[in-house]
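Structural description and commentary
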Amino acid sequence: MISLKGRDLLTLGDLSADELTGLVDLAVELKAGTQTPRCPGKVLGLLFSKASTRTRVSFSVAMYQMGGQVIDLNPSVTQVGRGEPWIDTARVLDRYLDVIAIRTFEQNDLQIFADRAEIPVINALTDLAHPCQTLADLLTLKESFGTLSGLTLTYIGDGNNVAHSLMLGCALAGVNVRVATPPNFEPLAEMTDRARALANGNSEVIVTTDPKAAAQGAHALYTDVWASMGQESEADDRAPIFAPYQINHTLLDLADPEAIVLHCLPAHRGEEITDEAMEGSHSRIWDQAENRMHAQKALLASVLGLV
Ligand code: CP
Ligand code: NVA
């Protein structure tokens, strides 16, 4: 395992291919219980400006299981919510904490914080990226298929933060990635370009508006909500545009017979995914949610220098 001691994780582009696959391999070991890193006395801060169930709880439990502690720095109970600048907050918090995970809107706010803070800063979701989610997704792929290299993951839906991180993570890990979105909802071109650069010819990065072509022969079908946090007012307008991009038995029938179904959650059942696809034999969605904890424990252990 290559140590990430002291490093930030703002997007998966911060990692090399070996660092990313090393983290996934460490997560496999931690899940199996073959090693148990310990960090008594270390403190993780959670500065979340948006709602969270999985990320908040899985980070907290991972830290507790390693003997560390967690402080909830919700903006509504800190001066952040009253407008104290991020650069000042960063310079103070890094004198108390050992590591911080931040969920916010603008990637630039996260970058400003990370530029000022000496401690590792982890992106717990921004409008641009959700790298911790992709770590768990790669772990889920690896435990389902025994390998990552050569697999094809198809993401169908909005070209959002989750799609961006999947593109970067899959490209680095040698997983072919296809992203099918309605016209005008494609991933940002700069993220597609970045993913293709990271793939370095070792895997394909395809962006299309054709969900059926994208699903053909795929090893994983993945989706996320059609309107992300902060876009709720667009949900009604988006629903008819996204309707042909629902993960259901029609798309699953086109995928590899052993294909798995993934969703980062929370899901809107009956919109981006059917109940049947969520609960059917192909679904690995609940293991995927559990894997948030194992993957983030591996990340914390690595940036804290425990491995
Ligand atoms: N998938 C995910 O990040 O879930 P939360 O928003 O509940 O943390
Ligand atoms: N794209 C979603 C992911 C939630 C985990 C959002 O940003 O709301």
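Above this text sits the structure in question.
Below or above, wherever it landed, is the structure these notes cover. (Residues numbered from 1 in each chain as written. Chains lettered and ligands numbered in written order. Predicted model: local features only at pLDDT ≥ 70, side-chain atom pairs only at ≥ 80, totals over all residues. Heavy atoms only, no water.)

1. Structural notes on the packing of helix α5 (residues 131-145) against helix α12 (residues 285-303)
At a closest axis distance of 8 Å, the pairing of α5 and α12 adopts a crossing angle of 110 degrees. It follows that α5 is roughly perpendicular to α12 by the angle criterion. Seen along the crossing, α5 lies across α12 with a hand that is right-handed. Of the residues in α12, those touching α5 at Cys132, Gln133, Leu135, Ala136, Asp137, Leu139, Thr140 and Glu143 are Asp287, Gln288, Asn291, Arg292, His294, Ala295, Gln296 and Leu299. For the contact of α5 with α12, a count of residues per class yields six nonpolar, six polar and four charged. (Axes fitted to C-alpha atoms, helices over the stretch in contact; angles between N-to-C directions. Helix = DSSP H or I, 4+ residues; strand = E, 2+ residues; numbered from the N terminus. Parallel < 35°, antiparallel > 145°, perpendicular 65-115°, else oblique. Left-handed = near helix turned anticlockwise from the far one by under 90°. Contact = heavy atoms within 4.5 Å. Nonpolar A, V, L, I, M, F, W, Y, C, P; charged D, E, K, R; others polar.)

2. Quick notes on the site of ligand 1
Every residue lining ligand 1 is accounted for by Ser52, Thr53, Arg54, Thr55, Arg103, His130, Gln133, Cys264, Leu265 and Arg292. Within the side chain of Ser52, an N or O atom sits 2.6 Å from an oxygen atom of ligand 1. In this structure, an oxygen atom belonging to ligand 1 sits 2.9 Å away from a main-chain N or O atom of Arg54. Starting from 250 Å² of accessible surface for ligand 1 in isolation, the protein chains cover 95%. (Near = heavy atom within 4 Å. Polar contact = N/O pair within 3.5 Å; in protein donor to acceptor, adjacent residues only side chain to side chain. Areas by Shrake-Rupley, 256 points an atom, 1.4 Å probe, with all protein chains shown as cover.)

3. Re the sheet that holds strand β2 (residues 69-72)
The strand order across the open sheet built from four strands is β2-β1-β3-β4, with neighbouring strands paired in parallel fashion. Since the sheet does not close on itself, it has two edges, and those belong to β2 and β4 (121-123), each with one partner. The average undirected angle you get between the axes of adjacent strands in this sheet is 25 degrees. Contacting β1 (43-48), β3 (99-103) and β4, helix α4 (residues 107-116) crosses the sheet at an angle of about 165 degrees to β4. (Pairing = 2+ DSSP bridges.)

4. Considerations on unusual backbone geometry
Backbone torsion omega between Leu265 and Pro266 reads 0 degrees, so that peptide bond is classified as cis. Checked against the element boundaries, Pro266 lands in the loop between β9 (260-263) and α11 (275-279). One non-glycine residue, Asn200, lies in positive phi territory at about 50 degrees. Residue placement: Asn200 occurs in the loop between α7 (189-199) and β7 (205-208). For Asn200, a relative accessible area of 61% corresponds to the exposed category. Even without being glycine, Leu265 reaches a positive phi, approximately 65 degrees. (Buried < 20%, exposed > 50% of the residue type's maximum accessible area, 1.4 Å probe, protein only.)

5. Thoughts on the sheet that holds strand β6 (residues 176-180)
Here we have five strands laid out as an open sheet, ordered β7-β6-β5-β8-β9, and parallel in their pairing. Both outer strands of the open sheet, β7 and β9, are each paired with one neighbouring strand and no more. Each adjacent strand pair in this sheet contributes to an overall mean axis angle of 20 degrees, direction not counted. Here four bridges tie β6 to β7, and the two strands are oriented parallel to one another. Considered in β7, the bridge of Val179 is made with Val207. Here α5 sits on the sheet in contact with β5 (152-156), β8 (220-223) and β9, set at roughly 165 degrees to β9.

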